[in-house]
Amino acid sequence: MAEGSPRIMKRLVPMWIAIIAGFVMLLSAFFPITESLGETVGEIFNVVAAIAFVLGAGSLAKVNLAKISRRDQGWGYAAITLICFAITLVVGLGKIGVPQSTQFPLLGWSGEKDAEGSIFGWIYEFALVPITSTMFALLAFYVASAAFRAFRAKNLEAILLLSTAFIVLLGRTFAGVVLTGWLPDWASGLRLENLSVYIMQVFNTAGNRAIIIGIALGVTATSLRILLGVDRSWMGSGD
Amino acid sequence: MSKFITILEGLDRRWIFLAMAISVAGPILYIGITGKTLPETPTPTARAVYKEIEALSPGTPVLLSFDFDPASGGELTPMATSLVHQCAARGLRMVFIALWPLGPQLIDETIKRVILADYPNLKEGVDYVNLGFQSGNESVMKVMLTDFAKAFPITKNGVAVGDVVALKGIQRVDNFPLLITISAGYPGAKEWIQYVISSSGGKIKMVTGCTGVQTPGLYPYYPVQLNGLLGAIKGAAEYESLVNSSLAPKDSSAAVPAKYLEAQRRMGPQLGAHLLMIALIILGNIAFFAQRNSKVRATS
């Protein structure tokens, strides 16, 4: 019993939850009578997803605290992460500096956590927004460097890829209009901006549809394996 | 020539970074000083977004899902501005939701920028409402298909949705004739198509504005499941020009406010960056072929 209990809790219970929930969701899509059951499973999932945020926070703290205690390389960054996390958590949950809600003036803590003038709102506007935008903007620099070093016309496939890239890069800007805007109406299909749309709508769509159909078949097969309890790798085992 | 090739081969990437900074900063400064933007010719996908919104009669509820965060705000915020601008001008009932945790703040910013600034007659809770964020990704979409109030029981301000006039007559997500998503990834436009549009049996139409990375993956759904598509800042600029030209007063020559030109202003830096990329690819290939030829000569 002592050996069996962890196995039941760690393996059998999650597996049966997944099987029952999966079949309920599957059936609710085909039989209206089971629709409310599917809705209940969906609601349970939403609650679990909200709890996952707490789990994520715990995991973040655990990983970074371990890095600090071991004095791993870059442990200082882990400390900064934890300090920032703690500050955001405290000012967000405690609604520090939040003005009272005009809608519910008699209720304490009724103001919005991100209201104008609140510390949480300040963190969002002056720390989070610039940091994330900067990270995203850095992509342009790395893509340019990678294009210079890696985009080589080594063979026919690479030449086709390069030509397509040039058409799309030019067609998605005003350069396309400048370069080929002079073409007469009967040859307008050859204008770079129109060629760019044609590539996206025909070649890209055809390729993507093939990939989507392939993924759908793969998802169906994997889902069936999970629903039937054959595939248990999602529980973190090597089965 | 050989000296040039040697320089190319050993080019430090910091020079490339500098070139990129100049090619982006130049147009930003020029457009910022002169206020001039590049002309845009809307493509059919952008026209379709405009037409779908324009086809709705005033007072029709529309669901706007802000599924992005500030990281992709550079591409998606101008779309959000123009979409809300057209919806507000059309007199539609706007119901805002977010499936990304930072979406509600972006909704508030857009409401402040467009509705509170230019449409002060619209009332919160009556003409528009922000329902905030809900965790659960696709599961939230599935719940909305059967009971909208269960997925979003209260507004961002804590008011029960049953008391919100803007949600009158909304029991399920398919009570909205149009769904507008602004999407940066997962969950986003693709999940809306897979879980809501395909399950609604054609009751809801959907248009989306998405990042450049997502755009190729969404083209296969256009125009059947997806009725309109704004791809990246280019799509935003096309749509923005359409909205601005339709909303500009016929008898006035007043300048369009800068906030309604953001996408078109960003097409300048995009042009600079794209031209630099092409130049870098060509230079890289010149160096590659020169190196290969010298190797062939050396071995022979």
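Residues numbered from 1 in each chain as written. Chains lettered and ligands numbered in written order. Predicted model: local features only at pLDDT ≥ 70, side-chain atom pairs only at ≥ 80, totals over all residues. Heavy atoms only, no water.

Trainee: Help me get a handle on the overall build of chain B, residues and values and all.
Mentor: Within chain B one finds eleven helices and six strands. Once the C-alpha set of chain B is aligned to its principal axes, its extents read approximately 80 × 45 × 35 Å. Counting contacts in chain B only where the partners sit at least 6 residues apart, residues at least 24 apart contribute 77% of the total. As displayed, chain B offers around 12400 Å² of accessible surface, 60% of which is attributable to carbon and sulfur atoms. Positive and negative side-chain charges in chain B, numbering 27 and 22 respectively, have mean positions lying 6 Å apart. (Helix = DSSP H or I, 4+ residues; strand = E, 2+ residues; numbered from the N terminus. Contact = heavy atoms within 4.5 Å. Areas by Shrake-Rupley, 256 points an atom, 1.4 Å probe, with all protein chains shown as cover. Lys, Arg positive; Asp, Glu negative; His and termini not counted. Charge placed at Lys NZ, Arg CZ, Asp CG, Glu CD.)

Trainee: I'd like to hear about the confidence of the model for chain A, residue by residue, with values.
Mentor: Of the residues in chain A, 97% reach a pLDDT of 70 or more, and the chain-wide mean stands at 87. Element-level pLDDT for chain A is lowest in helix α1 (residues 4-30) of chain A, with a mean of 85, against a maximum mean of 93 in helix α3 (residues 75-93) of chain A. (pLDDT = per-residue confidence, 0-100.)

Trainee: Outline the nonpolar core, listing residues and values.
Mentor: By size, the foremost hydrophobic cluster in this structure holds 45 residues, and its most contacted members are I53, F66, M94, F96 and I115 of chain B. Secondary-structure elements contributing two or more residues to this core are α3 (44-54), β1 (61-67), α4 (73-90), β2 (93-98), α5 (103-118), β4 (178-183), α10 (232-247) and α11 (262-299) of chain B. Ranked by residues supplied to this core, first place goes to α4 of chain B with seven residues. Excluding its chain neighbours within four sequence positions, the residues that come into contact with I115 of chain B are V84, M94, F96, T110, P120, L122 and Y128 of chain B. With 36 residues, the next largest nonpolar core counts M200 of chain A together with I170, L218 and L229 of chain B among its residues. (Core = buried A, V, L, I, M, F, W, Y, C linked by side-chain atoms within 4.5 Å. Buried < 20%, exposed > 50% of the residue type's maximum accessible area, 1.4 Å probe, protein only.)

Trainee: Explain the packing of helix α5 (residues 156-171) of chain A against α11 of chain B to me, using residue names and the numbers behind them.
Mentor: When two helices pack together, you describe them by how their axes are tilted relative to each other and by the distance separating the axes. At a minimum axis distance of 9 Å, the contact between α5 of chain A and α11 of chain B shows a crossing angle of 160 degrees. Between α5 of chain A and α11 of chain B, the interaxial angle falls into the category roughly antiparallel. Crossing hand, α5 of chain A versus α11 of chain B: left-handed. For the pair α5 of chain A and α11 of chain B, contact is made by L162, F166, L169 and L170 of chain A and by H274, L275, M277, I278, I281, I282 and N285 of chain B, respectively. When grouped by side-chain class, the residues that make up the contact of α5 of chain A with α11 of chain B number nine nonpolar, two polar and no charged. (Axes fitted to C-alpha atoms, helices over the stretch in contact; angles between N-to-C directions. Parallel < 35°, antiparallel > 145°, perpendicular 65-115°, else oblique. Left-handed = near helix turned anticlockwise from the far one by under 90°. Nonpolar A, V, L, I, M, F, W, Y, C, P; charged D, E, K, R; others polar.)

Trainee: Requested: an account of the sheet that holds strand β3 (residues 128-133) of chain B, with residues and values cited.
Mentor: Residue and element names in this part refer to chain B. Strands sit in the order β3-β2-β1-β4-β5-β6 across an open sheet of six strands; the sheet is parallel. Edge strands, defined here as strands with exactly one partner in the open sheet, are β3 and β6 (228-231). The average undirected angle you get between the axes of adjacent strands in this sheet is 15 degrees. Direction of pairing for β4 relative to strand β5 (residues 205-210): parallel, over a ladder of six bridges. The partner of S183 across the bridge, within β5, is C210. Contacts from α4 reach β1, β2, β4, β5 and β6, with the element oriented near 160 degrees to β4. (Pairing = 2+ DSSP bridges.)

Trainee: An account of the interface of chain B and chain A is requested, with residue identities and associated values reported.
Mentor: The interface of chain B with chain A comprises 65 residues on the first partner and 52 residues on the second. Roughly 5100 Å² is buried in total at the junction of chain B and chain A, and carbon and sulfur atoms are behind 65% of that figure. Between chain B and chain A we count two salt bridges in total. Here E39 of chain A makes a salt bridge to K150 of chain B, at a shortest N to O gap of 2.9 Å. Within the residue set of the side of chain B that touches chain A, elements represented by two or more residues are α2 (13-34), α5, α6 (138-146), α9 (215-218), α10 and α11 of chain B. Examining the composition of the side of chain B that touches chain A, we find that 16 residues originate from one element, α11 of chain B, more than from any other. Here the residues of the side of chain B that touches chain A are counted per class, giving 34 nonpolar, 17 polar and 14 charged. (Buried area = accessible area lost by both parts, 1.4 Å probe. Salt bridge = Lys/Arg side-chain N within 4 Å of Asp/Glu carboxyl O.)

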